[in-house]
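As a plain string of letters, each chain reads:
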Amino acid sequence: MSLLIKNARILDPEGKCSGDLDIRIDDGTIAEIGSGLSGDEVIDAAGLTVCPGLVDIHVHFREPGQESKEDIASGSRAAARGGFTTVVTMANTQPRIDNAGMVEFVNRRARETGCIRIRPAACATKGMLGEELTEMAELKELGVVAVTDDGQDIASSAVMRRVLEYAAMVDLPYMAHCEDEALAKGGAMNEGFTATRLGIPGIPKAAEEIRIDRNIRLAEVADAHIHIQHVTTAGGIEIVRQAKKRGAKVTCEVCPHHFALTDAAVETFNSNAKMNPPLREQHDIEGIIEGIQDGTVDCISTDHAPHTPTEKGVEFEFAPFGILGLETALALTITELVKPGHITLERAIQLLTTEAARICKFDCGTLRVGGPADLTIFDPAEEWTVSDDSFASKSRNSPFIGTTLTGRVRHTICGGEIVYTA
Ligand code: DOR
Ligand code: ZN
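Residues numbered from 1 in each chain as written. Chains lettered and ligands numbered in written order. Predicted model: local features only at pLDDT ≥ 70, side-chain atom pairs only at ≥ 80, totals over all residues. Heavy atoms only, no water.

A. Structural context of the pattern of salt bridges. The tally for this structure, following the rule as stated, stands at 34 salt bridges. Among the salt bridges present, the one from Glu165 reaches Arg162, with a minimum N-O distance of 2.8 Å. On the criterion of helical spacing, the pair formed by Glu165 and Arg162 is a turn pair, its members being three residues apart in helix H4 (residues 157-169). Ionic contacts of the salt-bridge type, sharing partners, join the residues Glu63, Arg108, Arg109 and Glu112 into one network. (Salt bridge = Lys/Arg side-chain N within 4 Å of Asp/Glu carboxyl O. Helix = DSSP H or I, 4+ residues; strand = E, 2+ residues; numbered from the N terminus.)

Below, the structure written as structure tokens:
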């Protein structure tokens, strides 16, 4: 059985083919790209755009231990609905993904229950306690693609240095959640005018920026690849920009919510606008957009962080940090970056595919004959309203519920299988 996508506008971020063409898929592989092709099963994609399957290098699928929020099956369906065919799962599950047995568990569950490609990250320190290093070499052999204590930073600079030295030795990127915990402690939103007015304790931008700087400097000492997660401040972007100029092996990501919303979204005490690092200010959004435009920002990731309605349905200060991301990321990127003219659609897709893939050295994120048939078919102009009854995720914690966005995923194909159709 071959699958044929007909009359699609092909958007290949590596620019090898573009225009309205047909794509024939055989045995999970792109067999042919051209005009007038035929196949057994046909998707008519006239008026739609086809790009490589999206890649998200920062998601939380909560399995094992917190399956009421999400599990690998539901998380992968949410990814497919958002157009993602490859994700990197974070290791702050319960228990943590910090040893070979746990990595094997995630791999097995991904095989048994996942509908997309799930590539695990593992903790850098045992139990994410910031003390003893994990067995990174062994974990890498089992398929781990990055090490990270995401969810928190590593407090000790000495331990962080050793982590980076070991990660460099085994050639794994360290994905850094940058946060001075002492400075951020007790905070629930961005420190500033809105926090003061609402009487909510703040998290200063310096808590993030100090650690972006420290962690990059330690990576330079260790000659390691450090990937800075979810940069939220104009100052943080500038630190990365300067580090890149010095030649540091640093990459960074930004999340759609951080360029779509400011901390004003917290004014209604909506706990679905609570995440860590928090929503910042207009000036920071402008800094992020400049970073995207000048290449300081390497990719867009979601930090998809599901929490149940019960957990989120408490006073703002007591709600857990984190929001859904996978099912709105493409539309938010189109709505907030492409539509206003900040970047082209081609660049947006690059940030969500090839650029993200490059950070973890994935063989995906491009359209080529002989390559894996991971494809996303979307309508870049379709408007839709985010509704809480249509998420594939088990959770509902999105600040975008009720918002009308532009750009809608119509089909997601992973390894030649149709894993989502709108
Ligand atoms: O908002 C967040 N949620 N930030 C993190 O660092 C962790 C994540 C989670 O696991 O819920
Ligand atoms: Zn995260």
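So that's the structure; there's more coming.
B. Spotlight on the site of ligand 1. Around ligand 1 lies a shell of 13 residues, among which Arg62, Asn92, His177, Asn276 and His307 are the nearest. A distance of 2.8 Å separates an oxygen atom of ligand 1 from a polar side-chain atom of Arg62. Asn276 places a main-chain nitrogen or oxygen 2.7 Å from a nitrogen atom of ligand 1. Notes on ligand 1: free accessible area 290 Å², of which the protein chains cover 92%. Looking at side-chain class alone, the shell around ligand 1 contains three nonpolar, seven polar and three charged residues. (Near = heavy atom within 4 Å. Polar contact = N/O pair within 3.5 Å; in protein donor to acceptor, adjacent residues only side chain to side chain. Areas by Shrake-Rupley, 256 points an atom, 1.4 Å probe, with all protein chains shown as cover. Nonpolar A, V, L, I, M, F, W, Y, C, P; charged D, E, K, R; others polar.)

C. Broad picture of the pairing of strand E6 (residues 54-59). Buried residues dominate E6, accounting for six of its six residues. Inspection of the sheet shows E6 paired to strand E7 (residues 84-89) by four bridges, in the parallel sense. Within E7, the position partnered with Val55 by the bridge is Thr86. Handedness of the E6-helix H1 (residues 72-81)-E7 crossover: right-handed. (Buried < 20%, exposed > 50% of the residue type's maximum accessible area, 1.4 Å probe, protein only. Pairing = 2+ DSSP bridges. Right-handed = clockwise from strand over helix to strand, strands pointing away.)

D. Spotlight on a negative patch on the surface. Side chains of Glu104, Glu135, Glu138 and Glu141 sit close together on the surface and give a patch of like negative charge. As for its position among the elements, Glu138 is in helix H3 (residues 136-141). (Patch = residues over 30% accessible without salt bridge, like charges linked within 9 Å, V, L, I, M, F, W, Y side chains within 5 Å. Lys, Arg positive; Asp, Glu negative; His and termini not counted. Charge placed at Lys NZ, Arg CZ, Asp CG, Glu CD.)

E. Spatial organisation of the coordination of the zinc ion (ligand 2). Here the zinc ion (ligand 2) is held by His58 (NE2), His60 (NE2), Asp150 (OD) and Asp303 (OD), and the distances to it run 2.0 to 2.3 Å. With four donor atoms in place around the zinc ion (ligand 2) and angles of 83 to 165° between them, the coordination shape is irregular. Read from N- to C-terminus, the donor residues coordinating the zinc ion (ligand 2) fall into the pattern H-x1-H-x89-D-x152-D. In this pair, His60 sits in the loop between E6 and H1 while Asp150 sits in the loop between strand E9 (146-147) and H4, placing the two residues 90 residues apart along the sequence. Looking at His60, the relative accessible area reads 5%, which means it is buried. (Donors = N, O, S within 2.8 Å, 3.2 Å for Na, K, Ca; no water. Tetrahedral: all angles 85-135°; square planar, octahedral: opposite > 155°, others 65-115°.)

F. Broad picture of the nonpolar core. One finds Tyr174, Ile216 and Ile228 to be the most contacted residues of the largest nonpolar core, which totals 79 residues. No other element matches the six residues that H4 contributes to this core. The contact partners of Tyr174, leaving out residues within four places of it in the chain, are Ala124, Val147, Thr148, Asp149, Ile154, Met160, Val163, Leu164, His225, Ile226 and His227. Core analysis: the next-biggest nonpolar cluster, separate from the first, contains 21 residues, Ala188, Ile200, Phe316 and Phe391 among them. (Core = buried A, V, L, I, M, F, W, Y, C linked by side-chain atoms within 4.5 Å. Contact = heavy atoms within 4.5 Å.)

G. Region of the structure containing H4. Here H4 spans 18 Å end to end across 13 residues, near enough to the 18 Å set by a 1.5 Å rise per residue. Considered for burial, the residues of H4 that qualify are Val159, Met160, Val163, Leu164, Tyr166 and Ala167. With its buried residues spanning 165° around the axis, H4 presents them on a single face. In H4, the exposed positions that point more than 90 degrees away from the buried face belong to Ala158 and Met169. On the buried face of H4, the contacting elements are H3, E9, strand E10 (174-176), helix H7 (205-222) and strand E13 (226-228). Where H4 begins, the side chain of Ser156 points an oxygen toward the backbone nitrogen of Ala158, at a separation of 3.2 Å. Phi turns positive, to about 60°, at Asp171, one or two residues after H4. (Expected span 1.5 Å × (residues − 1). Arc of directions from axis to C-beta.)

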